[in-house]
Amino acid sequence: MKPAYVAPVSLFMCTLAVPASADWQTDANVTLTSNYLWRGKTQSDDRPALQAGIETRHTGGGYAGAWFSTIDNGEDAGYEADFTTGWRFQAGPVPVDTGLIYYAYPIAEQNSDVGESFITLGPDALQIRYALTVWKEDRDGDTHDQYLALGGDYPLGDDYGFSWTLGHMENATDSDGNYQHLALGLSRDLAERGVLSLGVESNNADDDRHRNRPRLVLSCQWNL
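What you see is a predicted model, and the numbers here were worked out from it, not measured in a lab.

A. Region of interest: the side chain of T33. Position of T33 relative to the elements: it lies in strand β1 (residues 24–33). Within polar-contact distance, the side chain of T33 engages the backbone oxygen of N35 at 3.1 Å. In contact with T33, not counting residues within four places along its chain, are P48, A49, Q51, V217, L218 and S219.

B. View of the environment of E116. When you line up the elements, E116 lands in strand β8 (residues 114–121). Taking the C-alpha atoms as reference points, E116 and T133, separated by 17 residues in sequence, lie 4.3 Å from one another. Excluding anything up to four places from it in sequence, E116 contacts R39, G99, L100, I101, Y103, A131, L132, T133 and V134. A polar contact is formed between the side chain of E116 and the side chain of R39, at a distance of 2.9 Å.

C. Broad picture of the pairing of strand β12 (residues 179–189). Here strand β11 (residues 160–170) pairs with β12 via ten bridges, running antiparallel. When the sheet's bridge partners are listed, Y160 is paired in β12 with R188. Pairing of β12 with strand β13 (residues 194–203) involves nine bridges; the strand directions are antiparallel. Bridge pairing in β13 links L186 to L198. Hairpin connection from β12 to β13: four residues lie between these consecutive antiparallel strands, with A191 at a positive phi of about 55 degrees.

D. Local environment of unusual backbone geometry. With phi around 55 degrees, D45 is a residue other than glycine that occupies positive phi space. Looking at where D45 falls in the secondary structure, it is placed in the loop between β3 (41–42) and β4 (49–58). Even without glycine at this site, D46 takes up a positive phi of about 60 degrees. Within the fold, D46 resides in the loop between β3 and β4. Given a relative accessible area of 23%, D46 falls into the partly exposed group.

E. Representation of the nonpolar core within the structure. In terms of nonpolar packing, the biggest core is built from 15 residues, with Y103, F118 and Y147 touching the most fellow members. Listing elements by their share of this core, those giving two or more residues are β5 (62–72), β7 (94–104), β8 and β10 (146–156). Apart from the residues within four sequence positions on either side, F118 is in contact with Y63, T84, D97, T98, G99, L100, I101, R129, Y130 and A131.

F. The packing of aromatic side chains, seen in detail. Taken as a whole, this structure holds six aromatic pairs when the rule is applied. Ring centres 6.1 Å apart and planes at 90 degrees place the aromatic pair F68 and F83 in the edge-to-face group. Placement of F68 in strand β5 and of F83 in strand β6 (residues 77–91) is noted, with a sequence separation of 15 residues between them. Looking at F68, the relative accessible area reads 32%, which means it is partly exposed. F83 gets classed as buried once you look at its relative accessible area, which sits at 9%.

G. Broad picture of the pattern of salt bridges. The tally for this structure, following the rule as stated, stands at eleven salt bridges. Its salt-bridge partner being R88, residue D97 comes within 3.5 Å of it at the nearest N-O pair. For D97, a relative accessible area of 16% puts it in the buried group. Judged by relative accessible area, R88 falls into the partly exposed class, the value being 34%. As a salt-bridge pair, D206 and R211 come within 3.2 Å of each other at their nearest N and O atoms.

What counts, and at which threshold
- Residues numbered from 1 in each chain as written.
- Predicted model: local features only at pLDDT ≥ 70, side-chain atom pairs only at ≥ 80, totals over all residues.
- Heavy atoms only, no water.
- Helix = DSSP H or I, 4+ residues; strand = E, 2+ residues; numbered from the N terminus.
- Polar contact = N/O pair within 3.5 Å; in protein donor to acceptor, adjacent residues only side chain to side chain.
- Contact = heavy atoms within 4.5 Å.
- Pairing = 2+ DSSP bridges.
- Buried < 20%, exposed > 50% of the residue type's maximum accessible area, 1.4 Å probe, protein only.
- Core = buried A, V, L, I, M, F, W, Y, C linked by side-chain atoms within 4.5 Å.
- Phe/Tyr/Trp six-rings, centres within 6.5 Å; stacked < 30°, edge-to-face > 60°.
- Salt bridge = Lys/Arg side-chain N within 4 Å of Asp/Glu carboxyl O.

That's the geometry; what it means functionally is another story.
Here you go:
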């Protein structure tokens, strides 16, 4: 295990050790998806992925979570572990979610871990999200990649929903790595058992073999 991976694990284990009370709530889920897409690009080589997540949150707005997924980038097959800590609150009429994410790749041959700060503004119907890379394990060039996205999530009756995201990725090291992506999705709530979703997503990244070609993604999430 790489040394840089220890700190976020320790932070998350401390969070799980918080005594259960009415002020704390914990949720967990498992997801099977036909393709793990992150910001428009496949992280599973256009193959299925198994994912799991857990989040503990306080009524005051603070929260911490961990999320895991199998990955395959064509060279290093393994898994990704993301650790998040943040704070959700109201700034007047505007909902705010801000925090830090640590993306860890424990068994990757290359130094791939990344630290990122983020802020999301607005209600579910219209949100803007900004993320800034603040640390890279490989320390190759400028670390400050940026991501800006606009999106929304809308209920369609009692059990169905529609979502969209339009995002722009800015590569600080190589401008040829800049790209945009668009995602559209339909979802159906499975009572309290989980969510079934079908989405389509496309990007214009130069290094993507499916550039400008839509990808269909079917996912099923089970609540634990």
